[in-house]
Structures are given as C-alpha cells and as structure tokens.
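Here is how the chains run, residue by residue.
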Amino acid sequence: MAITTMSSTANLVDKLQVEVGTRGHQVIIDEPERLGGTDKGMNPLELLLSSLGACQTIVAQMSAKKFGIQYDHISVDLEGDIDTDGFLGLSDIRPGFLEVRYKVNIQSNESPEKIEEFITYVEDHCPALDSLINGVKVVSQGIEIQQTNKI
C-alpha cells in the first residue's frame, strides 16, 4: 500500500472570491458577477470539471510510453449540468452536478483500436474520474471557532 495524503486550504478573500492553496501554489476561485461574485476565477464546479480533464490528460501523458502509444496532441472537453435551484436552496433537488460529460480529443497515427484501448486504460487509472464515479468517503473534522472582539 502506498497512501499519500494531499491537503488544501481555502480562504475567503472578498465577496465570493476564495484563494485555495496547496504546496505553495494558489488558485483564485470565484463566482460570476450574476451570482454575486467578481468573476476573477473559475467557480468551484468549473474547477472540478477542469481537474477531471487535467487528470485524464496527465494520466495519458504518463502512460503513453508504457502503453506504447504516440500522439501529437491530447485534450479533453468537459461539461456538466447543474440545477441551480438546489444550490440556491430554492428546491429539494441536489445541489451538485446531475451529469458530467467528457470527450477525449487525440491526434495520432495509431489505429482506432489501439487508441480506444489506451483511453480505456486512462479512464481506468484516472484518480479524479474514479473519485467522481465511485464516490469518496468525506469526513468532517469539526469546526474550530476563534472568538473575535468584533460586534
């Protein structure tokens, strides 16, 4: 077993703008102006889609040589549907994605069969895709309250 623990911290910066960081890297996450944000970054679900596409692309790049496949370019197009009534508390519908769709675009002279087998391998070994498909145990570690002198 080779368990690695990853961590991240999210800090509210302004309005709905959040800075997330890990290992010295920061990303700004925000909401569009129409939802009260400042549109300085992707919203959390756009980042989730982007993370899935990046993970698939990275797994492909890391596995291509081992798999014996060559390509000139690879990209992933992603989209997801959400009913914002759930997010805004206007109905009992779940607040998350109802469906996520993706399409892998690959430029290669390899046979279609070899590419399909390779992409199946990528899908089977992508941690982000596995986490979305199979779910993840999420555990709250409580709330830490720090009293302030503000009234």
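Residues numbered from 1 in each chain as written. Predicted model: local features only at pLDDT ≥ 70, side-chain atom pairs only at ≥ 80, totals over all residues. Heavy atoms only, no water.

Draft legend 1. Seen up close, the overall build of the protein. On a plain count of helices and strands, the protein comes out with 4 helices and 5 strands. Helices and strands appear in the protein in the N-to-C order β-β-β-α-β-α-β-α-α. A total of 151 residues make up the protein; the buried ones form 21% of that total. Across the protein, the fraction of contacts at a sequence separation of at least 24, relative to all contacts at a separation of at least 6, is 42%. Total accessible area on the protein stands at roughly 11,700 Å², and carbon and sulfur atoms take up 51% of it. Counting 12 positive and 23 negative side-chain charges, the protein places the centres of these two groups 6 Å from one another. (Helix = DSSP H or I, 4+ residues; strand = E, 2+ residues; numbered from the N terminus. Buried < 20%, exposed > 50% of the residue type's maximum accessible area, 1.4 Å probe, protein only. Contact = heavy atoms within 4.5 Å. Areas by Shrake-Rupley, 256 points an atom, 1.4 Å probe, with all protein chains shown as cover. Lys, Arg positive; Asp, Glu negative; His and termini not counted. Charge placed at Lys NZ, Arg CZ, Asp CG, Glu CD.)

Draft legend 2. Geometry of a nonpolar patch on the surface. On the surface, I82, F87, L88 and L90 cluster together to form a nonpolar patch covering roughly 390 Å² of accessible area. Within the secondary structure layout, L88 lies in the loop between α2 (84-87) and β5 (97-107). (Patch = residues over 30% accessible without salt bridge, like charges linked within 9 Å, V, L, I, M, F, W, Y side chains within 5 Å. Salt bridge = Lys/Arg side-chain N within 4 Å of Asp/Glu carboxyl O.)

Draft legend 3. Molecular detail of the sheet that holds strand β1 (residues 9-14). Strand order in the open sheet made by the 3 strands is β1-β2-β3, with antiparallel pairing throughout. Every other strand in the sheet has two partners, leaving β1 and β3 (25-29) as the edge strands with one partner each. Averaged over all neighbouring strand pairs, the angle between strand axes comes to 25°, with direction disregarded. In terms of strand pairing, strand β2 (residues 17-22) meets β3 through 5 bridges, oriented antiparallel. Looking at the pairing, V18 lines up with I29 of β3. (Pairing = 2+ DSSP bridges. Axes fitted to C-alpha atoms, helices over the stretch in contact; angles between N-to-C directions.)

Draft legend 4. Molecular detail of the packing of aromatic side chains. Counted according to the given criterion, the structure contains 3 aromatic pairs. Summarising the aromatic geometry, the rings of F67 and F118 are spaced 5.4 Å apart at their centres and angled 55° between planes, so their arrangement reads as tilted. Note that F67 is positioned in helix α1 (residues 44-67) and F118 in helix α3 (residues 112-125), a separation of 51 residues in sequence. Plain terms: the ring middles of F67 and Y121 are 5.3 Å apart, the flat faces sit at 45° to each other, and that makes the pair tilted. One end of the pair, F67, is in helix α1; the other, Y121, is in helix α3, with 54 residues separating them in the sequence. Here F67 falls in the partly exposed class, since its relative accessible area comes to 23%. (Phe/Tyr/Trp six-rings, centres within 6.5 Å; stacked < 30°, edge-to-face > 60°.)

Draft legend 5. Molecular detail of the nonpolar core. Grouped together as the largest cluster of nonpolar side chains are 14 residues, with contacts concentrated most on A60, Y71, F118 and C126. Sorting the residues of this core by element identifies α1 and α3 as the ones contributing at least two each. (Core = buried A, V, L, I, M, F, W, Y, C linked by side-chain atoms within 4.5 Å.)

Draft legend 6. Structural detail: the environment of N109. Of note, N109 is situated in the loop between β5 and α3. With 33 residues separating them along the chain, N109 and G142 place their C-alpha atoms 53 Å apart.

Draft legend 7. Structural detail: the packing of α1 against helix α4 (residues 127-134). Running from N to C, α1 and α4 cross one another at 130°; their axes reach a closest spacing of 7 Å. Here α1 is positioned oblique relative to α4, judged by the angle of their axes. Across from L48, S51, L52, C55, Q56 and V59 in α1, the residues of α4 making contact are P127, A128, L129 and L132. The residue inventory of the contact of α1 with α4, partitioned by class, reads 8 nonpolar, 2 polar and no charged. (Parallel < 35°, antiparallel > 145°, perpendicular 65-115°, else oblique. Nonpolar A, V, L, I, M, F, W, Y, C, P; charged D, E, K, R; others polar.)

Such coordinate-based values are descriptive only and should not be taken to indicate function.
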